[in-house]
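Here is how the chains run, residue by residue.
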Amino acid sequence: MNHLPVRKAVIPAAGLGTRFLPATKAMPKEMLPIVDTPTVQYIVEEAVKSGIEEILVITNSNKHCMENHFDKNYELEARLTESGKMQEVEMINDIAKMANIYYVRQKEPKGLGHAILCAKSFIGNEPFAILLGDDIVVNKKGDPALKQLIGAFEQKRASIVGVQTVPDSDVHKYGIVSPSLSTMPQGRLTKLCNMVEKPKTEDAPSNLAVLGRYVLTPAIFDYLESQTTGAGGEIQLTDAIKRLMDSQAVYAYDFEGVRYDAGDKFGFIKATIDFALDRPELQEALAAYIKKLAEEL
């Protein structure tokens, strides 16, 4: 059995972000700011807080600014230093030192499964994490979502998918898991027997949706290499995980935390409001403005 620790993560970020046009015509959706911090930075911060040491970002040819964001900017640092803005200098240096981040391009938009396959040589024979850039999870009362999954992986030494319950009206948006009827759940951990990518409401095996966090064994690459196209004519990670179940146990972990779908306009707005309300310098003015709007509605 492979007892290597989970120290590498993959962040797929090669999508075109069409739901946020025209903003994403020239700017990657992962760089859209929630208050003043790019969405992808929240994802990287979660990975680092979960113990991840090396991160591979799957990009495309139009995402140079994301690479620049996590790199040194000597000119900006010099100008801030000259202006005596040392707090800002420290902030941008902290971003550059956040983690060892690497990049590889997905040359064709063939789906999430194909994007993860692009990480095969980077991962090697190690278990690894996946964090989707559209999903931001905040858990103020405990460990980050990914750290919870890593804990479950260390317990079972098997692939773990992060799930939460979604309403019937939303099951068609996600990969939906089917818990094994022969194995009793262990707290938040449930063994799986099936997964379905974006099923119709009437065909969904449960309301447990896979929400952007995974810890997988490297065996997944064997299945991704032979995976045929599925929903949307793309190579789906869900389909490969489903096939992985034939040879290895796969578990779902119902992680704690508030999840924001930053790839959806309303989800992005909710995240912006909630994150702003957590900022001392914005909280009072924003709360007063929201109350005023509520009175006028």
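Residues numbered from 1 in each chain as written. Predicted model: local features only at pLDDT ≥ 70, side-chain atom pairs only at ≥ 80, totals over all residues. Heavy atoms only, no water.

Caption draft 1: Representation of the packing of helix H3 (residues 74-82) against helix H4 (residues 86-96). Across the interface, H3 lies against H4 with an axial gap of 8 Å and an inter-helix angle of 160°. As far as their axial angle goes, H4 and H3 are roughly antiparallel. The way H3 lies across H4 gives a crossing that is left-handed. Residues Leu76, Glu77, Leu80 and Thr81 of H3 lie in contact with H4, whose contacting residues are Met86, Glu88, Val89, Ile92 and Asn93. (Axes fitted to C-alpha atoms, helices over the stretch in contact; angles between N-to-C directions. Helix = DSSP H or I, 4+ residues; strand = E, 2+ residues; numbered from the N terminus. Parallel < 35°, antiparallel > 145°, perpendicular 65-115°, else oblique. Left-handed = near helix turned anticlockwise from the far one by under 90°. Contact = heavy atoms within 4.5 Å.)

Caption draft 2: Region of the structure containing helix H10 (residues 265-277). The end-to-end C-alpha distance of H10 is 18 Å, a good match for the 18 Å that 13 residues give at a rise of 1.5 Å each. Where H10 is concerned, the buried positions are Gly267, Phe268, Ala271, Phe275 and Ala276. For H10, the arc enclosing every buried residue in end-on projection is 160°, short of the 170-degree limit, so these residues lie on one face. Each element contacted by the buried residues of H10 is listed here: strand S2 (33-34), helix H1 (39-49), strand S7 (135-138), strand S13 (258-261) and helix H11 (280-296). With a side-chain oxygen lying 3.1 Å from the backbone nitrogen of Phe266, the N-terminal cap of H10 falls on Asp264. (Expected span 1.5 Å × (residues − 1). Buried < 20%, exposed > 50% of the residue type's maximum accessible area, 1.4 Å probe, protein only. Arc of directions from axis to C-beta. Polar contact = N/O pair within 3.5 Å; in protein donor to acceptor, adjacent residues only side chain to side chain.)

Caption draft 3: Fine view of the pairing of strand S12 (residues 250-254). The buried count for S12 comes to four of five residues, which makes it a mostly enclosed element. Across five bridges, strand S8 (residues 159-165) lies against S12 in parallel orientation. Bridge pairing in S12 links Val163 to Asp254. (Pairing = 2+ DSSP bridges.)

Caption draft 4: Representation of the environment of Val215. Within the element layout of this structure, Val215 appears in strand S11 (residues 208-216). The class for Val215 is buried, based on a relative accessible area of 0%. Spatially, the C-alpha atoms of Val215 and Ala158 are 8.4 Å apart, while their sequence positions differ by 57 residues. Residues in contact with Val215, not counting those within four places in the same chain, are Val6, Phe128, Ala129, Leu146, Leu149, Ile150, Phe153, Ala158, Ser159 and Ile160.

Caption draft 5: Region of interest: the side chain of Gln236. Relative to the assigned elements, Gln236 resides in the loop between helix H8 (220-225) and helix H9 (237-244). Of the residues examined, Gln236 reaches a relative accessible area of 7% and is grouped as buried. Residues within four places of Gln236 in sequence aside, it is in contact with Gly113, Glu197, Gln227, Gly230 and Ala231.

Caption draft 6: Representation of the side chain of Gln227 in the model. Mapped onto the fold, Gln227 is located in the loop between H8 and H9. The buried category is assigned to Gln227, whose relative accessible area is 11%.

Caption draft 7: Fine view of the packing of aromatic side chains. With the rule as written, the count across this model stands at five aromatic pairs. Through a chain of ring-to-ring contacts, three or more aromatic side chains come together here, namely Tyr42, Tyr260 and Phe275. A cation sits over an aromatic face here: Lys8 above Phe122, 5.0 Å from the ring centre. (Phe/Tyr/Trp six-rings, centres within 6.5 Å; stacked < 30°, edge-to-face > 60°. Lys NZ or Arg CZ within 6 Å of the ring centre and 35° of its normal.)

Caption draft 8: Representation of a nonpolar patch on the surface. Taken together, the side chains of Phe266, Ile269, Ile273 and Ile290 define a hydrophobic patch exposed on the protein surface, amounting to about 350 Å² of accessible area. Per-element tally for the nonpolar patch: the top contributor is H10, with three residues. On the secondary structure map, Phe266 appears in helix H10. (Patch = residues over 30% accessible without salt bridge, like charges linked within 9 Å, V, L, I, M, F, W, Y side chains within 5 Å. Areas by Shrake-Rupley, 256 points an atom, 1.4 Å probe, with all protein chains shown as cover. Salt bridge = Lys/Arg side-chain N within 4 Å of Asp/Glu carboxyl O.)

Caption draft 9: Broad picture of the nonpolar core. In terms of nonpolar packing, the biggest core is built from 50 residues, with Ile52 and Ile55 touching the most fellow members. Looking at which element gives the most residues to this core, the answer is helix H7 (residues 145-156), with six residues. Ignoring any residue separated from it by four or fewer positions in sequence, one finds Ile52 in contact with Val6, Arg7, Lys8, Ala9, Ala47, Ala129, Leu146 and Ile150. (Core = buried A, V, L, I, M, F, W, Y, C linked by side-chain atoms within 4.5 Å.)

Caption draft 10: Layout of the pattern of salt bridges. In this structure the tally under the stated criterion is 19 salt bridges. Note that Glu77 and Lys72 form a salt bridge whose closest N and O atoms lie 3.3 Å from each other. The closest approach of N and O atoms between Asp254 and Arg188, which form a salt bridge, is 4.0 Å. Of the two residues, Asp254 is situated in strand S12 and Arg188 in the loop between strand S9 (175-179) and strand S10 (189-197); the sequence distance between them amounts to 66 residues. We classify Arg188 as partly exposed; its relative accessible area is 34%. Connected through shared salt-bridge partners, Arg7, Lys8, Glu53, Glu54 and Glu126 make up one network.

From the geometry alone we can't say anything about function, so treat these as descriptive.
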